[in-house]
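Listed below are the residues making up each chain.
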Amino acid sequence: MSLKRSTIAIVSVAVLSSSIYSGVSYMVSAKKAVETPVEMLEDVEKDTSFQDDVDIEELYTKAMADDIKSKFENVKGVNSDIVGWVFIPDSNVDYPICSGNDDYYLNYTYDKRKSAAGSIFLDQRLLTFSDISMLHGHNMRNGTMFSSLKKYKDANYFNNTNVYIYDGNNIRVFKPICFKKVSQETNYDLSIKGGPYVQEYAHQISEGSMHASSKEITEDDLLILNTCVSDGTNQHYILITQEIFAGGGEQ
């Protein structure tokens, strides 16, 4: 497929500021603690395109997958804009993903209540997940929303902590390949389609990472997570991840 090189400016989320969120009720309704995994996932369909060194049964547990799917099912009827769920272990990231207008979800929760915390949401250029997808979220001083992305500054956390997405059909596992600070004006092209073009673009945008990734950059889908640094420099933290597994969506 042809490469679309027209770069669209990323939403300048200047309002992704480090403001204290007093609406604790949002966290209670949107986020439940994940129970300790007890049963290894054994019934997933393995994709032979995975790298040989990926042990699918060690990526996540069935208990974790069931918990994520259950939380998604509990909220999807609240708002038709809810398109998935994002979870990062050992962090506060455990939220519904909305799709729609960026300005709206910067200021409204997944259940359409006005809030300084806003929501976790797909970039408004995307109605659903694509070859290159991007999630935005506030960096809150109370540790909610995408404030936990700062944990990826630690090399051990970066190399051992995947991002989990449920898209309504499958559990998708994304391995970090880059974490860095960028200017809020940095542009990302979300229109790129096709594995070879995705791979080329992944190499390009991963330059300058704080850590060397243990994962080889491949032609698989990318997921970019974005939040502000909140230090007065108008910079953003960018976590670039690449899919290493999709499956386990059976009900």
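If you tally the helices and strands in the protein chain, you get five helices and eight strands. Walking the protein chain from its N terminus toward its C terminus, one meets helices and strands in the order α-α-β-β-α-β-β-α-β-β-α-β-β. Across the protein chain, the fraction of contacts at a sequence separation of at least 24, relative to all contacts at a separation of at least 6, is 66%. Accessible surface, the protein chain: about 11100 Å² in total, of which carbon and sulfur atoms supply 46%.

Before going further, it helps to spend a moment on the sheet that holds strand β2 (residues 94-99). Spatially, the eight strands close up into a barrel ordered β1-β2-β3-β4-β7-β8-β6-β5, and their pairing is mixed. Within this sheet the neighbouring strands show an average axis-to-axis angle of 30°, counted without direction. Where strand β5 (residues 163-166) lies against strand β6 (residues 171-183), four bridges are found, and the strand directions are antiparallel. Within β6, the residue paired with Ile 165 across the bridge is Arg 172. Contacts between helix α5 (residues 195-205) and the sheet are confined to β4 (132-136), β6, β7 (222-228) and β8 (235-247), with β7 contributing the most and set at about 30° to the helix.

Further remarks concern α5. When α5 is considered as a whole, its buried residues turn out to be Gly 195, Val 198, Tyr 201, Ala 202 and Ile 205. Around the axis of α5, the buried residues are gathered within 125° of arc, so they sit on the same side. Elements in contact with the buried residues of α5: β4, β6, β7 and β8.

A separate point is the pattern of salt bridges. The final tally for this structure, using the stated rule, is 10 salt bridges. For the salt bridge of Asp 67 with Lys 71, the shortest nitrogen-to-oxygen distance reads 2.9 Å. In this pair, Asp 67 and Lys 71 both sit in helix α2 (residues 62-75), four residues apart, roughly one turn of the helix. A residue is classified by how much of its surface remains accessible, and Asp 67, at 18% relative accessible area, is buried.

Before going further, it helps to examine the environment of Gly 118. By the element assignment, Gly 118 lies in the loop between α3 (102-105) and β3 (120-122). Placed 16 residues apart in sequence, Gly 118 and Asp 102 show a C-alpha to C-alpha distance of 9.9 Å.

Attention shifts here to the pairing of β8. Across the 13 residues of β8, 11 count as buried, placing the element largely inside the fold. Remark: six residues form the turn of the hairpin made by β7 and β8, two consecutive strands paired antiparallel; Ser 230 in that turn has positive phi of roughly 65°.

Mapped onto the secondary structure, Arg 172 falls in strand β6. Here Asp 221 takes part through its side chain, which lies 3.0 Å from a polar atom of the side chain of Arg 172. Setting aside residues no more than four positions away along its own chain, Arg 172 makes contact with Phe 129, Val 163, Tyr 164, Ile 165, Asp 167, Asp 221, Glu 243, Phe 245 and Ala 246.

What follows covers unusual backbone geometry. Located in the positive-phi region is Asp 90, a residue other than glycine, with phi close to 55°. Mapped onto the secondary structure, Asp 90 falls in the loop between β1 (82-87) and β2.

Let us look at the packing of aromatic side chains. The final tally for this structure, using the stated rule, is nine aromatic pairs. Measuring from centroid to centroid gives 4.3 Å for Tyr 104 and Tyr 108, while their planes differ by 0°, and the two rings are stacked. Judged by its relative accessible area of 28%, Tyr 104 is partly exposed. Measuring from ring centre to ring centre gives 4.8 Å for Tyr 152 and Tyr 157, while their planes differ by 70°; the resulting arrangement is edge-to-face.

Rules used throughout
- Residues numbered from 1 in each chain as written.
- Predicted model: local features only at pLDDT ≥ 70, side-chain atom pairs only at ≥ 80, totals over all residues.
- Heavy atoms only, no water.
- Helix = DSSP H or I, 4+ residues; strand = E, 2+ residues; numbered from the N terminus.
- Contact = heavy atoms within 4.5 Å.
- Areas by Shrake-Rupley, 256 points an atom, 1.4 Å probe, with all protein chains shown as cover.
- Pairing = 2+ DSSP bridges.
- Axes fitted to C-alpha atoms, helices over the stretch in contact; angles between N-to-C directions.
- Buried < 20%, exposed > 50% of the residue type's maximum accessible area, 1.4 Å probe, protein only.
- Arc of directions from axis to C-beta.
- Salt bridge = Lys/Arg side-chain N within 4 Å of Asp/Glu carboxyl O.
- Polar contact = N/O pair within 3.5 Å; in protein donor to acceptor, adjacent residues only side chain to side chain.
- Phe/Tyr/Trp six-rings, centres within 6.5 Å; stacked < 30°, edge-to-face > 60°.

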